[in-house]
Amino acid sequence: MSIDVTNTGSREGKEIVQLYIGDEESSLERPVKELKGFKKVALAPGETKRVTFEINPDMLKFYDPERGWVLEEGGFTAYVGAASDDIRSTVQFTL
(Lines give C-alpha, C1' and ligand atoms only; values in the text may rest on other atoms or scores of the structure.)
Protein backbone atom coordinates (compact mmCIF):
# COMPACT_ATOMS: atom_id res chain seq x y z
CA MET A 1 0.00 0.00 0.00
CA SER A 2 1.42 3.40 -0.95
CA ILE A 3 0.36 6.96 -0.22
CA ASP A 4 1.83 10.31 -1.26
CA VAL A 5 2.60 12.81 1.50
CA THR A 6 3.06 16.49 0.62
CA ASN A 7 4.41 19.33 2.72
CA THR A 8 2.03 22.18 1.92
CA GLY A 9 3.75 24.55 4.34
CA SER A 10 6.56 27.05 3.85
CA ARG A 11 9.01 25.31 6.23
CA GLU A 12 10.77 21.97 6.29
CA GLY A 13 8.78 19.46 8.31
CA LYS A 14 8.37 15.86 9.35
CA GLU A 15 5.34 13.61 9.46
CA ILE A 16 4.79 10.20 10.97
CA VAL A 17 2.55 8.21 8.65
CA GLN A 18 0.66 5.49 10.51
CA LEU A 19 -0.92 2.30 9.15
CA TYR A 20 -3.89 0.77 10.95
CA ILE A 21 -5.80 -2.36 9.94
CA GLY A 22 -9.36 -3.26 10.86
CA ASP A 23 -10.90 -6.72 10.53
CA GLU A 24 -14.42 -6.36 9.17
CA GLU A 25 -15.80 -9.64 10.59
CA SER A 26 -13.65 -11.26 13.26
CA SER A 27 -14.80 -14.24 15.30
CA LEU A 28 -13.56 -12.39 18.42
CA GLU A 29 -14.28 -8.81 19.46
CA ARG A 30 -11.41 -6.61 18.28
CA PRO A 31 -10.71 -2.87 18.06
CA VAL A 32 -12.06 -1.08 14.99
CA LYS A 33 -8.46 -0.48 13.90
CA GLU A 34 -5.09 -1.67 15.19
CA LEU A 35 -1.73 0.06 14.61
CA LYS A 36 0.39 -2.17 12.35
CA GLY A 37 3.18 0.14 11.20
CA PHE A 38 4.50 3.66 10.93
CA LYS A 39 7.14 5.58 9.00
CA LYS A 40 8.69 9.00 9.62
CA VAL A 41 9.20 11.16 6.56
CA ALA A 42 11.07 14.50 6.27
CA LEU A 43 9.83 16.93 3.63
CA ALA A 44 11.06 20.24 2.27
CA PRO A 45 8.44 22.92 1.55
CA GLY A 46 6.29 21.78 -1.37
CA GLU A 47 7.97 18.36 -1.54
CA THR A 48 6.01 15.14 -2.02
CA LYS A 49 7.26 11.68 -1.07
CA ARG A 50 5.63 8.30 -1.48
CA VAL A 51 5.36 6.21 1.68
CA THR A 52 4.90 2.47 1.16
CA PHE A 53 3.76 -0.22 3.59
CA GLU A 54 3.80 -3.93 2.86
CA ILE A 55 0.84 -5.70 4.45
CA ASN A 56 1.71 -9.31 5.25
CA PRO A 57 -0.42 -12.13 6.73
CA ASP A 58 1.16 -11.81 10.20
CA MET A 59 -0.28 -8.28 10.43
CA LEU A 60 -3.80 -9.74 10.08
CA LYS A 61 -3.52 -12.35 12.84
CA PHE A 62 -5.00 -12.06 16.31
CA TYR A 63 -4.56 -14.09 19.47
CA ASP A 64 -7.39 -16.33 20.64
CA PRO A 65 -6.76 -17.88 24.10
CA GLU A 66 -8.41 -21.12 22.96
CA ARG A 67 -6.83 -21.44 19.48
CA GLY A 68 -3.58 -19.44 19.67
CA TRP A 69 -2.66 -17.13 16.78
CA VAL A 70 -5.45 -17.08 14.20
CA LEU A 71 -5.59 -15.80 10.62
CA GLU A 72 -9.16 -15.58 9.34
CA GLU A 73 -10.10 -14.99 5.74
CA GLY A 74 -12.45 -12.15 4.96
CA GLY A 75 -12.61 -8.40 4.51
CA PHE A 76 -10.19 -5.90 6.02
CA THR A 77 -9.72 -2.14 5.87
CA ALA A 78 -6.33 -0.42 5.84
CA TYR A 79 -6.36 3.07 7.35
CA VAL A 80 -3.51 5.55 6.80
CA GLY A 81 -3.18 8.80 8.68
CA ALA A 82 -1.26 11.02 11.06
CA ALA A 83 -3.02 9.50 14.11
CA SER A 84 -5.82 7.06 14.93
CA ASP A 85 -8.27 9.96 14.98
CA ASP A 86 -6.77 11.66 11.90
CA ILE A 87 -7.21 9.10 9.09
CA ARG A 88 -6.48 10.49 5.62
CA SER A 89 -7.10 7.46 3.39
CA THR A 90 -8.68 4.00 3.53
CA VAL A 91 -8.48 0.93 1.31
CA GLN A 92 -10.57 -2.21 1.63
CA PHE A 93 -9.08 -5.60 0.75
CA THR A 94 -9.87 -9.29 1.11
CA LEU A 95 -7.71 -12.15 2.34
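Residues numbered from 1 in each chain as written. Predicted model: local features only at pLDDT ≥ 70, side-chain atom pairs only at ≥ 80, totals over all residues. Heavy atoms only, no water.

A. Structural context of the packing of aromatic side chains. Under the criterion given, the structure shown has two aromatic pairs. When the ring of Tyr 63 is compared with that of Trp 69, the centres are 5.4 Å apart and the planes differ by 70°; the resulting orientation is edge-to-face. With a relative accessible area of 49%, Tyr 63 lands in the partly exposed category. When its relative accessible area of 61% is taken as the criterion, Trp 69 is described as exposed. (Phe/Tyr/Trp six-rings, centres within 6.5 Å; stacked < 30°, edge-to-face > 60°. Buried < 20%, exposed > 50% of the residue type's maximum accessible area, 1.4 Å probe, protein only.)

B. Examining the side chain of Gln 18 more closely. With respect to the helices, strands and loops of the structure, Gln 18 is situated in strand 2 (residues 13–23). A distance of 2.4 Å separates a polar atom in the side chain of Gln 18 from a polar atom in the side chain of Tyr 20. In this structure Gln 18 touches Leu 35, Gly 37, Phe 38, Phe 53, Tyr 79, Val 80, Gly 81, Ala 82, Ala 83 and Ser 84, once residues within four positions along its chain are discounted. (Helix = DSSP H or I, 4+ residues; strand = E, 2+ residues; numbered from the N terminus. Polar contact = N/O pair within 3.5 Å; in protein donor to acceptor, adjacent residues only side chain to side chain. Contact = heavy atoms within 4.5 Å.)

C. Quick look at the pattern of salt bridges. In this structure the tally under the stated criterion is eight salt bridges. Between Asp 58 and Lys 61 there is a salt bridge, with the nearest N and O atoms lying 3.1 Å from each other. For Asp 58, a relative accessible area of 55% gives the class exposed. A relative accessible area of 28% places Lys 61 in the partly exposed class. Ionic pairing is found between Arg 67 and Asp 64, a salt bridge with its closest N-O pair at 2.8 Å. (Salt bridge = Lys/Arg side-chain N within 4 Å of Asp/Glu carboxyl O.)

D. Local environment of the sheet that holds strand 7 (residues 75–83). Pairing is antiparallel across the open sheet formed by four strands, whose spatial order is 3-2-7-8. Looking at strand neighbours, the two that pair on one side only are strand 3 (34–43) and strand 8 (86–94), the edges of this open sheet. When strand polarity is set aside, the average angle formed by the axes of neighbouring strands in this sheet is 20°. Two elements, strand 2 and strand 3, share nine bridges in a ladder whose sense is antiparallel. Counted as the bridge partner of Ile 21 is Glu 34 from strand 3. (Pairing = 2+ DSSP bridges. Axes fitted to C-alpha atoms, helices over the stretch in contact; angles between N-to-C directions.)

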